Amino acid sequence: MKKFLITANWKLNGSYNFINKNIDLIKKINDYLHFCHISLAPPYVYLNYINQFIKNTSISLTAQNVDIHLKGSFTGETSINMLKDIGVKYIIIGHSERRLYHNENINLIAKKFILIKEHGLIPILCIGETKEQKKYKLTEKICINQINSILKLSNNVNIFENTIIAYEPIWAIGSGKIANIDEVKNIIFFIRKYISSFNKKIIENIYFQYGGSVDYSNIDNFLNKTYINGFLIGKVSLKLKNFIFLVKKIEKNLNSNWS
Ligand code: 13P
């Protein structure tokens, strides 16, 4: 059985004060983990600080971004090797907030994906459609485009092996509205089938996360679904007590269904 991967994306939130106040709760999460891994994605500047508290736990570190260069005159950027150096395991790329506010296009995201894989870290590739695109039934096309840009650049579908694809409908992020579970299922199945058409073997080694307004009250919709292997969680991950309730609920559900 694959372990569930719950990624806590803090986005542009947090401070030393916030971490110090919550560090006992953060460490406590580990006591509840049997079927899940947790990965924390604080802003870059706090990755190293948090790392000292989570060593020897099932909690790992995720970076929210990375540059496509490994070194040189690229003011303000951070490289994969630097992230590796401080113990990062996963890197979120293609998040809609970076696509939207930082003009990141599919080619740049494809470059990041391939570079992350080449350097032994694990990309969490966010894909998903806008409200408008959903209205015009373009979800499949948009998601496949995002996958195709990576396939085109790498020319090898095996690049997706041991990676994470996070389906995050853009309209669901921070809106309080989750996606319809049948629609989530359909799009994940569609992507699985598409990748399988190139190589059937690798599909079992790809994780699929759902992200977008996941919280305690709606998480039940997504549990018991064998095609979802985890969640990418924003807002709730900043309220550590609520986040723990959520993790406990997921653990309880996985325990009763899979053990
Ligand atoms: P929310 O959980 O706040 O909707 O954010 C989801 C997200 O964007 C995670 O990357």
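Worth saying up front: this structure is predicted, and the values here are computed from it rather than measured. (Residues numbered from 1 in each chain as written. Predicted model: local features only at pLDDT ≥ 70, side-chain atom pairs only at ≥ 80, totals over all residues. Heavy atoms only, no water.)

1. Structural notes on the packing of aromatic side chains
And step 1. Counted according to the given criterion, the structure contains 11 aromatic pairs.
And step 2. Residues Y210 and F222 carry aromatic rings whose centres are separated by 4.4 Å and whose planes lie at 15° to one another, so their mutual orientation is stacked. Note that Y210 is positioned in strand β7 (residues 206–211) and F222 in the loop between β7 and β8 (230–233), a separation of 12 residues in sequence. Of the two residues, Y210 and F222, neither departs from the other in class, the shared state being buried.
And step 3. Each residue in the set F4, Y210, F222 and F231 is aromatic and connected to the rest through ring pairs, giving one cluster.
And step 4. In this structure, K185 packs its charged tip against the face of F189, placed 5.6 Å from the ring centre. (Phe/Tyr/Trp six-rings, centres within 6.5 Å; stacked < 30°, edge-to-face > 60°. Helix = DSSP H or I, 4+ residues; strand = E, 2+ residues; numbered from the N terminus. Buried < 20%, exposed > 50% of the residue type's maximum accessible area, 1.4 Å probe, protein only. Lys NZ or Arg CZ within 6 Å of the ring centre and 35° of its normal.)

2. Observations regarding the site of the ligand
And step 1. Around the ligand, the structure places N9, K11, H95, E168, I173, G174, G212, S213, L232, I233, G234 and K235.
And step 2. At 2.7 Å, a backbone N or O of G174 approaches an oxygen atom of the ligand.
And step 3. In the environment of the ligand, an oxygen atom lies 2.7 Å from a nitrogen or oxygen atom belonging to the backbone of S213.
And step 4. Burial of the ligand by the surrounding chains reaches 97%, relative to a free accessible area of 310 Å².
And step 5. A breakdown of the residues in the shell around the ligand according to their chemical character gives 3 nonpolar, 6 polar and 3 charged. (Near = heavy atom within 4 Å. Polar contact = N/O pair within 3.5 Å; in protein donor to acceptor, adjacent residues only side chain to side chain. Areas by Shrake-Rupley, 256 points an atom, 1.4 Å probe, with all protein chains shown as cover. Nonpolar A, V, L, I, M, F, W, Y, C, P; charged D, E, K, R; others polar.)

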